[in-house]
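Summary of structural features
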Amino acid sequence: EVQLVESGGGLVQAGGSLRLSCAASGFTFDDDAIGWFRQAPGKEREEVSCISSTDGTKYYVDSVKGRFTMSSDNAKNTVYLQMNSLKPEDTAVYYCAAGPGCRAMDYWGKGTLVTVSS
């Protein structure tokens, strides 16, 4: 069974930090692209960060560059998203996803809620 399970979400004040984790089972991240997406209430889902399946390049949406850092631990089949200097506009449900490409994801977690208060 393929599963992606996110954890680490919660309530934090603006300027604070959180680290999200995504544990994968049933497949290995090494064969796929892996990334984080988020969806705020009433807004379109957006790609936050992704590791390319072709060359391993890490991509970040402009709004989080310099604040968020994605990392992976293939031995643990786990990826992380370190989020620093959080802003209220970062409030969203964050989803972990994997697939053949950063824009062709096959597997999705259920999401973890991040709420940033001002």
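Predicted model, so just to flag it, every value in this text is computed and none were measured.

A look at the overall build of the protein chain
In terms of helices and strands, the protein chain carries zero helices and eleven strands. If you list the helices and strands of the protein chain from N to C, you get β-β-β-β-β-β-β-β-β-β-β. On C-alpha atoms alone, the protein chain measures out to a radius of gyration of 13 Å, which is about the 13 Å that the 2.2 N^0.38 rule sets for 118 residues. Its C-alpha atoms give the protein chain principal-axis dimensions of roughly 40 × 30 × 25 Å. When each of the 118 residues of the protein chain is scored for burial, the buried share is 42%.

Remarks on the pairing of strand 11 (residues 112-117)
Both faces of the sheet carry side chains from a regular strand, because those side chains alternate between them. The alternating pattern of strand 11 places T112, V114 and V116 on a buried face, while none of L113, T115 and S117, on the opposite face, is buried. In this sheet, strand 11 lies alongside strand 2 (residues 10-13) in parallel orientation, the contact comprising four bridges. Bridge assignment links V12 to a residue of strand 11, and that residue is V116. Where strand 9 (residues 92-99) lies against strand 11, three bridges are found, and the strand directions are antiparallel. Bridged to V93 within strand 11 is L113.

So, the environment of T54
The topology assignment puts T54 in the loop between strand 5 (46-51) and strand 6 (58-60). Judged by its relative accessible area of 69%, T54 falls in the exposed class. Spatially, the C-alpha atoms of T54 and S17 are 30 Å apart, while their sequence positions differ by 37 residues. A distance of 2.7 Å separates a polar atom in the side chain of T54 from a polar atom in the side chain of S52.

Side note on the state of the cysteines
Overall, the coordinates contain two disulfides when judged by the stated rule. Bridging C22 to C96, the disulfide has an S-S length of 2.0 Å. One disulfide, between C22 and C96, carries an S-S torsion of -80 degrees and so falls in the left-handed class. One end of the pair, C22, is in strand 3 (residues 18-25); the other, C96, is in strand 9, and 74 residues separate them in sequence.

Procedures and definitions
- Residues numbered from 1 in each chain as written.
- Predicted model: local features only at pLDDT ≥ 70, side-chain atom pairs only at ≥ 80, totals over all residues.
- Heavy atoms only, no water.
- Helix = DSSP H or I, 4+ residues; strand = E, 2+ residues; numbered from the N terminus.
- Rg over C-alpha atoms; globule rule 2.2 N^0.38 Å.
- Buried < 20%, exposed > 50% of the residue type's maximum accessible area, 1.4 Å probe, protein only.
- Pairing = 2+ DSSP bridges.
- Polar contact = N/O pair within 3.5 Å; in protein donor to acceptor, adjacent residues only side chain to side chain.
- Disulfide = S-S within 2.5 Å.

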